[in-house]
2 protein chains.
Amino acid sequence: MALAHSLVVDNIGSLITNDPTVGEGPLGILRNAAVVITDGDVEFVGPAGATADERIDAEGACVLPGFVDSHTHLVFAGDRAEEFTARMAGQPYDGGGIRVTTDATRATDTSELDRLVRLRLHEAHWAGTTTIEIKSGYGLNVADEARSLEIAKRHTTETTFLGAHLLPSEYEGRADDYIDLVCTEMLDASRPHAKWIDAFCETGAFDEEQCRAVLEAGEAAGLGMRLHGNQLGTGPGVQLAVECGCASVDHCTHLTDGDVDALAGSDTVATFLPAADFSTRQPYPDARRVIDAGATVAIASNCNPGSSYTTSMSFCIAIAVREMRMTIDEAIQAVTTGGAAALQRDDVGHLSPGAAGHLVILDAPSHHHLAYRPGVPLIRHTIGPLGSES
Amino acid sequence: MALAHSLVVDNIGSLITNDPTVGEGPLGILRNAAVVITDGDVEFVGPAGATADERIDAEGACVLPGFVDSHTHLVFAGDRAEEFTARMAGQPYDGGGIRVTTDATRATDTSELDRLVRLRLHEAHWAGTTTIEIKSGYGLNVADEARSLEIAKRHTTETTFLGAHLLPSEYEGRADDYIDLVCTEMLDASRPHAKWIDAFCETGAFDEEQCRAVLEAGEAAGLGMRLHGNQLGTGPGVQLAVECGCASVDHCTHLTDGDVDALAGSDTVATFLPAADFSTRQPYPDARRVIDAGATVAIASNCNPGSSYTTSMSFCIAIAVREMRMTIDEAIQAVTTGGAAALQRDDVGHLSPGAAGHLVILDAPSHHHLAYRPGVPLIRHTIGPLGSES
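Residues numbered from 1 in each chain as written. Chains lettered and ligands numbered in written order. Predicted model: local features only at pLDDT ≥ 70, side-chain atom pairs only at ≥ 80, totals over all residues. Heavy atoms only, no water.

**Brief notes about the pairing of strand β10 (residues 224-229) of chain B**
Residues and elements named next belong to chain B.
At step 1: In terms of residue burial, β10 counts as a mostly covered element, since 5 of its 6 residues are buried.
At step 2: The pairing of strand β9 (residues 196-201) with β10 spans 4 bridges and is parallel. Bridge pairing in β10 links Trp196 to Gly224.
At step 3: Where the polypeptide runs from β9 across helix α6 (residues 208-220) and back to β10, its parallel neighbour, the crossover connection is right-handed. (Buried < 20%, exposed > 50% of the residue type's maximum accessible area, 1.4 Å probe, protein only. Helix = DSSP H or I, 4+ residues; strand = E, 2+ residues; numbered from the N terminus. Pairing = 2+ DSSP bridges. Right-handed = clockwise from strand over helix to strand, strands pointing away.)

**Looking at the relation of the copies chain A and chain B**
At step 1: Each copy superposes on the other: chain A lies on chain B with an RMSD of 0.0 Å after a rotation of 180 degrees and an axial shift of 0.0 Å. Overall, the copies show the geometry of a two-fold rotation axis. When C-alpha positions in chain A are compared against the rotation axis, the closest is assigned to Gly375 of chain A, at 2.6 Å.
At step 2: Both copies present the same face, since 100% of the interface residues in chain A are matched by interface residues at the equivalent positions in chain B. (Least-squares fit on C-alpha atoms with pLDDT ≥ 70 in both. Contact = heavy atoms within 4.5 Å.)

**Some points on the interface of chain A and chain B**
At step 1: With 35 residues of chain A at the interface, the matching set in chain B holds 35 residues.
At step 2: Roughly 3200 Å² is buried in total at the junction of chain A and chain B, and carbon and sulfur atoms are behind 59% of that figure.
At step 3: The interface formed by chain A and chain B includes 2 salt bridges.
At step 4: Across the salt bridge formed by Glu123 of chain A and Arg373 of chain B, the nearest N and O atoms sit 2.7 Å from each other. (Buried area = accessible area lost by both parts, 1.4 Å probe. Salt bridge = Lys/Arg side-chain N within 4 Å of Asp/Glu carboxyl O.)

**Things to note about unusual backbone geometry**
Residue and element names in this part refer to chain A.
At step 1: Positive phi values are uncommon outside glycine, yet Asn11 reaches one of about 60 degrees.
At step 2: Here Asn11 lies in strand β1 (residues 6-16).
At step 3: Residue Asn11 is classed as partly exposed on the basis of its relative accessible area of 28%.
At step 4: Of note, the phi angle at Arg281 is positive, near 55 degrees, even though the residue is not glycine.
At step 5: Looking at the element boundaries, Arg281 is found in the loop between α9 (274-279) and α10 (287-293).

**Some thoughts on the sheet that holds strand β11 (residues 248-251) of chain A**
Residue and element names in this part refer to chain A.
At step 1: Ordered by their spatial adjacency, 8 strands build an open sheet running β6-β7-β8-β9-β10-β11-β12-β13, and the pairing between neighbours is parallel. Edge positions in the sheet fall to β6 (67-69) and β13 (297-299), since each of these pairs with one other strand and no more. Across the sheet, the axes of successive neighbouring strands diverge by a mean angle of 25 degrees, strand direction being ignored.
At step 2: With 3 bridges joining them, strand β8 (residues 158-164) and strand β9 (residues 196-201) adopt parallel strand pairing. Counted as the bridge partner of Ala164 is Ala199 from β9. (Axes fitted to C-alpha atoms, helices over the stretch in contact; angles between N-to-C directions.)

**With respect to the environment of Asp41 of chain B**
At step 1: Following the sequence through the fold, Asp41 of chain B ends up in strand β3 (residues 41-47).
At step 2: Among all residues touching Asp41 of chain B, those that are not within four sequence positions of it are Val36, Gly354, Ala355, Ala356 and Gly357 of chain B.

**Here's the deal with the state of the cysteines**
At step 1: Under the criterion given, the structure shown has 0 disulfides over all chains.
At step 2: The thiol of Cys211 of chain A is unpaired, and the distance to the nearest cysteine sulfur, on Cys201 of chain A, comes to 4.0 Å.
At step 3: Using a relative accessible area of 1% as the deciding quantity, one classes Cys211 of chain A as buried.
At step 4: Between Cys244 of chain B, a cysteine without a disulfide, and Cys246 of chain B, which holds the nearest cysteine sulfur, the sulfur-to-sulfur distance is 5.6 Å.
At step 5: Accessibility expressed as a relative area gives 17% for Cys244 of chain B, which makes it buried. (Disulfide = S-S within 2.5 Å.)

**What to know about the packing of helix α5 (residues 175-190) of chain B against α6 of chain B**
Residues and elements named next belong to chain B.
At step 1: Between α5 and α6, the shortest axis-to-axis distance is 10 Å and the interhelical angle comes to 10 degrees. One way to sum up the angle between α5 and α6 is to call them roughly parallel. Of the residues in α6, those touching α5 at Ala175, Asp176, Ile179, Val182, Cys183 and Leu187 are Gln210, Ala213, Val214, Ala217 and Gly218.
At step 2: Among the residues forming the contact of α5 with α6, the class breakdown is 8 nonpolar, 2 polar and 1 charged. (Parallel < 35°, antiparallel > 145°, perpendicular 65-115°, else oblique. Nonpolar A, V, L, I, M, F, W, Y, C, P; charged D, E, K, R; others polar.)

**Describing the environment of Thr156 of chain B**
All names here are of chain B.
At step 1: Position of Thr156 among the secondary structure elements: in the loop between α4 (142-153) and β8 (158-164).
At step 2: On the basis of relative accessibility, which here comes to 10%, the residue Thr156 falls in the buried class.
At step 3: Not counting the four nearest positions on each side in its chain, Thr156 is found in contact with Ile132 and Ile134.
At step 4: At 3.1 Å, the side chain of Thr156 and the backbone nitrogen of Glu158 are in polar contact. (Polar contact = N/O pair within 3.5 Å; in protein donor to acceptor, adjacent residues only side chain to side chain.)

**Details of the domain arrangement of chain A**
Residue and element names in this part refer to chain A.
At step 1: As assigned here, chain A comprises domain 1 (6-66 + 350-383) and domain 2 (67-342).
At step 2: Centre-to-centre separation of domain 1 and domain 2, based on C-alpha positions: 29 Å.
At step 3: The partner domain 2 presents 18 residues to the 17 residues of domain 1 that form the contact.
At step 4: With both chains or domains summed, domain 1 and domain 2 bury close to 1500 Å², and 68% of this area falls on carbon and sulfur atoms. (Domains from an automatic or database assignment.)

**Some remarks on the sheet that holds β10 of chain B**
All names here are of chain B.
At step 1: Strand order across the open sheet formed by 8 strands is β6-β7-β8-β9-β10-β11-β12-β13, with parallel pairing between neighbours. Strands with a single pairing partner mark the edges of an open sheet, and in this sheet they are β6 (67-69) and β13 (297-299). Averaged over all pairs of adjacent strands, the angle between their axes in this sheet comes to 25 degrees, without regard to strand direction.
At step 2: Pairing between strand β11 (residues 248-251) and strand β12 (residues 269-272): 4 bridges, direction parallel.

**Comments concerning the confidence of the model for chain A**
At step 1: Here chain A shows a mean pLDDT of 96. Residues at 70 or above account for 98%.
At step 2: Looking over chain A, one finds the lowest element-wise mean pLDDT in helix α1 (residues 81-88) of chain A, namely 94, and the highest in β13 of chain A, namely 99. (pLDDT = per-residue confidence, 0-100.)

**Quick word on the packing of aromatic side chains**
Residue and element names in this part refer to chain B.
At step 1: All told, the structure shown has 14 aromatic pairs over all chains when counted by the stated rule.
At step 2: Between the aromatic rings of Phe278 and Phe315, the centroid separation amounts to 5.1 Å while the plane-to-plane angle is 90 degrees, which identifies the pairing as edge-to-face. Of the two residues, Phe278 is situated in helix α9 (residues 274-280) and Phe315 in helix α11 (residues 313-323); the sequence distance between them amounts to 37 residues. Considered together, Phe278 and Phe315 belong to a single accessibility category, that of buried residues. (Phe/Tyr/Trp six-rings, centres within 6.5 Å; stacked < 30°, edge-to-face > 60°.)

**Quick word on the environment of Gly339 of chain B**
Residue and element names in this part refer to chain B.
At step 1: Structurally, the position occupied by Gly339 is in helix α13 (residues 337-342).
At step 2: Accessibility expressed as a relative area gives 0% for Gly339, which makes it buried.
At step 3: Apart from residues lying up to four places away in sequence, Gly339 is in contact with Val68, Ser70, Ala298 and Ala334.

**Things to note about the side chain of Arg373 of chain A**
At step 1: Summarising the element assignment, Arg373 of chain A is placed in the loop between α14 (369-372) and β15 (379-383).
At step 2: For Arg373 of chain A, a relative accessible area of 6% translates into the label buried.
At step 3: Looking at Arg373 of chain A, its side chain comes within polar contact range of the side chain of Glu123 of chain B, at 2.7 Å.
At step 4: Among the polar contacts made by the side chain of Arg373 of chain A, one reaches the main-chain carbonyl oxygen of Tyr309 of chain B at a distance of 3.0 Å.

Quick look at the structure:
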C-alpha cells in the first residue's frame, strides 16, 4: 500500500465549512484557516499554518466546498441554439425539442458521446463542480437508455435512469405502452448502470399515474427516486414526489400553497433550476417562501442542450439571489449541502474531517462575490474528482 | 523599420465581420473564413486557407470583433460586497455608496491603484474586451481626479473625466460650489489626461443645470461629451444629452416616449448597462422600443464596485437577450459596433480591411452561444491590445 499523501490548502482568508459548530453563522465560516486533505478526504480543518506533503497558498482567498450539481443531462449530442434563439424571439418552450436531441444522440457512436461527456465534465470541473448527477433521457429506447447510463457511470456514481423524459415519436398516441416498456425491459437494461430513477411529470410529458408507475417500478428494482415536476405550471409532481418519498423534486417553478406545505412536511428536497427558468423565460420561483416554510432546498444547473445549457453553478447562484429572494448564504448552501441532501449524500457539500476533500478556491475574498460579480469566472482552482485537476 | 508581421486566424466556422456588404445578414457573417492581421490591423477577410507568418487554427469556431466596452469605472480601491448583500436583502440603491469607494480610492497610493486597474483589464481582456473606456469619478477632488485619469490613460485612449459623479461629503449642501470646482480647477487638472467629460444626471446626484454646466465646460475645453442619465427613474438626462450632442447617454433604464423620440432623432447613442440593472435590481429597460424607434444602441459593462462589479460582456449579452427584448444579433452589435459608435470610433467593433485587428475566438460554433450558454466562459482566445494576450 502506498504511503498516504497529504495536501494543505493554507492561508485561506474565509473558509466555508458548512459546519456551524466550528465556525461563524450557518455556513460555519473560519477566518485565516487551512484545510488538510489526506488521500482524498478532509483530515483537518483549522487555523492557517498546518503542514502536509504538498501546499497550496490560497493567498487570503475564500475557499468553499466543491459544488454538488444534483441535476444534469450531460449525455447528449448536438445542440439546440436555433431553438433557443427562436424562443428568445417569442416562441414558447414546451419540451418538444427533447426529440431533436434524442435523434442526434441515438445517431452518435459511444466513443463520441463519451468524449462529449468528458468535455462537459471538464467545463463543470473548471466551474467548481466536484459532485455531479447525470441522467439518461435522450435515448428513449432500451439500447440507447442503457448505453447513456453506461457512459454516465464511467464518470459519476450519481446516475439516473430517465426513460420517462418524453414520449419518443415512435410511440405517439401509445404513452401507456411506452411506460410499460420503461417499467420493464428498459428498466432491466438500465438498472445495472443506475442509482436513481426519474420521470418528467408535466403536461406534454407524463401524467401522475404514469410517473407513479415509473417511480414504483424503479423502487422495486432497488433504485432511489427523484422526479421532475412543476416546471411549466402547477401540477401533481411535487405532491407525488412527496407521497412516494423521492429524494428530490426538481424545477418547483410553479408551486401552490399545498405544494409548499407538502415539501415542508417531508424529507423531499425542493431543487430549483434557475438557469432553466432563465433560458426558457419562465417566471422565477419564490425560494423564500419554500425556505421559510421549512423545506430543504437545492440549486442545480440542469445542464442540457434544450432548456439550460450551462454548467455554471456560479451563474445559478447569482440568478437565485437576484430573482428568487434567496440570500447569498442560502444560495451557497443550496449548491453544496442542498445538492448533497438531494442526492442523500453526507460525505460531500461540507468540509469537516472525514468528508470528501473537494473544494474550490475563489479569485475573491468572500463567497458574496459569486453573486456580486456575475459572469466573472471566479473559480481559481478546483480540487476534486471530476475531469482533470485545473 | 522592422518587417511587417502577419497573423492569420484560419478555419473560422462562422466569422462575424459586422460588414453586411461582405457576408450574411446584418452581422455580415462569413462561413469557413480567415482573417489576416498585419502589424495590428486587419489586412484580409475572406475564405479559409489564407497564409501569414503565424497561424492560429480556430478549429471551426465562431470569431467576432473584440468587445468595445464603452462604460467602466476601473480606477478604484476596495469593494462593496456588503452593500451588495444588503441590497439583495431589500435595501434600495441610491448611489450613496460611491462615497465609500471615494474614501478608499483617495487613501490608496498610485502604484497600487495602477496594479488594480491592470488586474481588472486583464480580467476584461480574458472576457473578450479589446477596447475599453475608463472614467474617473472616485477622486472627487482636484488631485485625485487628475491622478485617476493619469492612471487610466496609461491603459486606454478612451478616458473620461467624471468629477460630477457624486457630491463629495466635504461639499455637503454646497453642490453649486462643487460644480464650479469641477468646471474650473478640476477640469484644468484633468483635461490633459481625458478625452471625454461625463456627469451623473440623477436625483441624488446632479440636476439638469449642473450637468449642463459640466458638459459645456468640458466641450469648451475640447473634450467629447457623454452623460449618465435615467438610471433610477425618468428625468432630464436623455433629453439634455441629446440637446448637447453627447456621443452617448448611459443607463437609459427609465425612458419616456419623449426620451425615445429624442434618441431616435439624434446621433446620441443609447447605452444600456444591464449588469447594473441586474445588481441594483432595477427593472430592465425595453431595448426593443428604442431600437424599433431607430436609435443606435450600445451595451457596456459599467464595471464598478457599487452597482455592477463585472467585466463580462458575455453576461451583459445574455441578460439583454433574456430581459431587454433584444435579439442575439442585436446584442452582439450593441457590444461591438454599438460600443464603437458610443465612442465615435470607426476603427473598432468590426472586422474589415483597415480596421483594428481585435477579435475573439469562441469556444463555440456560433455567436448565439453567448446567450444560449449563460455563465460559461466561452472566450477561448482574445487578440487585442488590452492586458497581456491570452
